[in-house]
Amino acid sequence: MIPGKIPATIITGFLGAGKTTLIRHMLENAKGRRIALIINAFGDVGVDGEVLKGCGDALCKEEDVIELANGCICCTVADDFVPTMKKLLDRATPIDHIVIETSGLALPQPLIRAFSWPEISARVTVDGVVAVVDAKALAEDRYADDEATIQAMRQADPKLEHENPIEELFEDQLNCADIVILNKTDLLDDEETLDVTADIEGQIRKGTRILLSEHGKLDIKALLGLGSVAEGDIGNRLSHHEMEGEEQHDHDDFISFTVALPDVKDRGALQRRIAEVIADSTILRLKGFANVVGSSSRLLIQAVGPRMNSYFDRPWKSGENRATRLVVIGVKGMDQQAITAALQG
């Protein structure tokens, strides 16, 4: 740690890897630390922030959860992140630690560089970068080139080179990490766990630690207090674009849109429609909330790859808009009209 500076932990990782679940577990085991959260959502429904705000006042006060929904945080550092950090640091109530959850499509490198800005560098340091990986998806070779997805992307962008942008993004997140968490290992057998671990070991920087996790449950002491001062080590954490001499990170390969649905009369029927929709290889992630007729609680829905889960996370608040809205995130060229029609039934 650097004396006098507030430590910040950056949580990165691909869509649906379990970043929000990990952070919620951290909050529930903060042991007196006051942790402020900055959540960067991709799409216009702040599902992740809402899930964390639902922890309860004893675990995380709503004023300590800040959402940035104006686009990927790595592309809006100057406009969104730096002003947000300044406001956070100027609060009267002291903060012990800052946790930043990036969008699943974000590069961590530009964010780390922002910690060298004069407005931030004197008061905050990057304690560590944690990359969360969906071990089950990796075991299924989900990040290898998929012919259907690549073909859809080629049709949408004739200038697309051979690299799979999802693979490139995944490698960039790993290259920046101090800790890689192989999450969802409960879905693997022993041999698959060994294979996935070996695969990751071949892609990370020397000194990066690998931790195995089920449902994001890890001792908070293993995640906080790393003292990596990553902003001073950015030369060893370059992205593909930076190594190739490019300055910009383009998210045109990924798009998101929101589907509004009527109140849900049949939860099972909605889940079946979602299961059919997410089988489309151009869809990377689906998440949102649903208002189920006859229930006083909102239904949280999360889907990544072929897997989906849903549960009632908390009661609807008085005066809250009980709407059903789903965010679909996928590669450019996905058929938004067909996906919307399928979800609507």
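Residues numbered from 1 in each chain as written. Predicted model: local features only at pLDDT ≥ 70, side-chain atom pairs only at ≥ 80, totals over all residues. Heavy atoms only, no water.

Draft legend 1. Broad picture of the overall build of the protein. What the protein contains, in helices and strands, is twelve helices and twelve strands. Taken across its 345 residues, the protein has 54% of its residues classed as buried. Within the protein, contacts between residues separated by at least 24 positions form 80% of all contacts whose residues are at least 6 apart in sequence. Accessible surface, the protein as shown: approximately 15200 Å² in total, 48% of it carbon and sulfur. (Helix = DSSP H or I, 4+ residues; strand = E, 2+ residues; numbered from the N terminus. Buried < 20%, exposed > 50% of the residue type's maximum accessible area, 1.4 Å probe, protein only. Contact = heavy atoms within 4.5 Å. Areas by Shrake-Rupley, 256 points an atom, 1.4 Å probe, with all protein chains shown as cover.)

Draft legend 2. Molecular detail of the pairing of strand S5 (residues 124–134). The element S5 is extensively covered by neighbouring structure, given that eleven of its eleven residues are classed as buried. Pairing between strand S1 (residues 6–13) and S5: eight bridges, direction parallel. In the strand pairing of S5, Ile6 is matched with Val124. (Pairing = 2+ DSSP bridges.)

Draft legend 3. Inspection of the nonpolar core at higher detail. Counting 23 residues, the largest nonpolar core has Ile10, Phe81, Met85, Ile98, Ile100 and Phe115 as the members making the most contacts within it. At the level of secondary structure, the elements contributing two or more residues to this core comprise S1, strand S2 (35–40), helix H3 (77–89), strand S4 (97–101), helix H4 (108–114) and S5. (Core = buried A, V, L, I, M, F, W, Y, C linked by side-chain atoms within 4.5 Å.)

Draft legend 4. Representation of the pairing of strand S7 (residues 209–212). Sheet analysis places strand S6 (residues 179–183) next to S7, joined by four bridges and oriented parallel. For Ile179, the partnering residue across the bridge sits in S7 and is Arg209. Considered for its hand, the β-α-β crossover made up of S6, helix H9 (residues 190–201) and S7 is right-handed. (Right-handed = clockwise from strand over helix to strand, strands pointing away.)

Draft legend 5. Fine view of a negative patch on the surface. On the surface, Asp141, Asp189, Asp190, Glu191, Asp195 and Asp199 cluster together to form a negatively charged patch. Structurally, Asp195 can be placed in helix H9. (Patch = residues over 30% accessible without salt bridge, like charges linked within 9 Å, V, L, I, M, F, W, Y side chains within 5 Å. Salt bridge = Lys/Arg side-chain N within 4 Å of Asp/Glu carboxyl O. Lys, Arg positive; Asp, Glu negative; His and termini not counted. Charge placed at Lys NZ, Arg CZ, Asp CG, Glu CD.)

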